[in-house]
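Letter by letter, the chains look like this.
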Amino acid sequence: MKTYRRLAWEDVTVPTELTEVVDTVDYQRVVMNPGATWDYFPGHFDPEYAQRHGHPTIFVNTMHIAGFVDRIATDWSGPYSRVVRRKVSLLGSFYAGDSMVGRGRVVDKRLETSGENPRHLVDLEIAVFNQREELCCPAELTIELSP
Amino acid sequence: MSEGIRYEFAFGTYDDALRMVGVRTAPRYAGTAVSGARIQHFASMVRDPNPSYWDADFARQAWGGLIAPPALLMGWVIPPPWLPSDEPPTPSIAIRVPLPGTTFINASNDVEFPTTILEGDRLHVIEEVVSVSPEKKTRLGTGHFVETCDEFHRADGTLVAINRNTLFRFTPAVQP
């Protein structure tokens, strides 16, 4: 079996800046939204509908943006970690042809002992901008590291 | 045969919408179990190389199976756009709240995952309308914010996710 990097909670430094991730989302990727998520809201595949409702063209859905946020976090924390909480505020849309620019940092780490099993938690703040440096999605994320 | 899913919202007044606040739905079941094909289609869309989605041997050893991407949560209970039945597919309660707005956009989402969702899990959701705001004007148009809270369970009853979502149901400021 292939082996993968394991991030130990003891090795997490607060604060840590995460590597910036840039992802350009073309029409194909936006149209993948309905196919992959079954969210057939027409703003994600019909440019005429989007324009009739005040948008320049089709835009990515919340699941895609959340997935990008999760990817930034677990790219850093590795596959022995999982998302246990994520909060996103959707201030602006990402349209076909836009770039998603994700910048994150570790803001806290906590050992939670209130539950059945202790949990090694790491809190991150991730901000997703478009290519014009407009903040479209600030996010808060908590990752649990497997012991 | 159904005519397919429609995003033709329930229309009504703000007072009509307020009558739905506090309503909890009966469980709404995913038509199919969480599958590796959909996990990997989503991960491909997001370009996420996390082996928990791609490497079945690793995922089995680390988690007990391929993990459902957390961000795909709401997608598991969206019905397919057409079904071979007389009943139209039922969309989320959020767009069944009667209001004047002609379209919507998501405003925020806050979700917790008490445990992992794995390939093979079959989910169901219980939805509740938490609040409907008075009329607001934004740069997009005039409308109402609708907050919902969804509890996702797997077949054995385990609570796997609590999803709070707020969407803006509005009529665009600029008409064609």
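Just above sits the structure.
Computed from a predicted model, the values in this text were never measured in an experiment.

### Comments concerning the overall build of chain B
Here is step 1 of the chain: On a plain count of helices and strands, chain B comes out with 4 helices and 6 strands.
Here is step 2 of the chain: Order of helices (α) and strands (β) in chain B, N terminus to C terminus: α-β-α-α-α-β-β-β-β-β.
Here is step 3 of the chain: Across its three principal axes, chain B shows a C-alpha extent of roughly 55 × 35 × 30 Å.
Here is step 4 of the chain: Out of the 176 residues belonging to chain B, those deemed buried represent 38%.

### What to know about the environment of A:Pro42
Here is step 1 of the chain: Note that A:Pro42 resides in the loop between helix H1 (27-37) and helix H2 (47-52).
Here is step 2 of the chain: Sequence-wise, A:Pro42 and A:Phe59 are 17 residues apart; in three dimensions their C-alpha atoms are separated by 9.7 Å.

### Description of the interface of chain B and chain A
Here is step 1 of the chain: Opposite the 41 residues of chain B that make contact, chain A presents 38 residues.
Here is step 2 of the chain: Secondary-structure elements contributing two or more residues to the side of chain B that touches chain A are helix H2 (36-46), helix H3 (51-54), helix H4 (56-62) and strand S2 (103-112) of chain B.
Here is step 3 of the chain: Here the side of chain B that touches chain A takes 8 residues from S2(B), the largest share from any one element.
Here is step 4 of the chain: Residue composition of the side of chain B that touches chain A, grouped by class: 24 nonpolar, 11 polar and 6 charged.
Here is step 5 of the chain: Strand direction decides the pairing type here: strand S3 (residues 81-89) of chain A and S2(B), joined by 5 bridges, are antiparallel. Considered in S2(B), the bridge of A:Arg86 is made with B:Val111.

### Details of helix H3 (residues 62-77) of chain A
All names here are of chain A.
Here is step 1 of the chain: An ideal rise of 1.5 Å per residue puts 22 Å on 16 residues; H3 measures up with 22 Å between its terminal C-alpha atoms.
Here is step 2 of the chain: Counting buried residues in H3 gives 15 out of 16 residues, a clear majority hidden from the surface.
Here is step 3 of the chain: Positioned one or two residues after H3, Gly 78 has a phi angle of 85°, which is positive.

Cut-offs used in this document
- Residues numbered from 1 in each chain as written.
- Chains lettered and ligands numbered in written order.
- Predicted model: local features only at pLDDT ≥ 70, side-chain atom pairs only at ≥ 80, totals over all residues.
- Helix = DSSP H or I, 4+ residues; strand = E, 2+ residues; numbered from the N terminus.
- Buried ≥ 20, exposed ≤ 12 C-beta atoms within 10 Å, placed from the backbone.
- Contact = placed C-beta atoms within 7 Å.
- Nonpolar A, V, L, I, M, F, W, Y, C, P; charged D, E, K, R; others polar.
- Pairing = 2+ DSSP bridges.
- Expected span 1.5 Å × (residues − 1).

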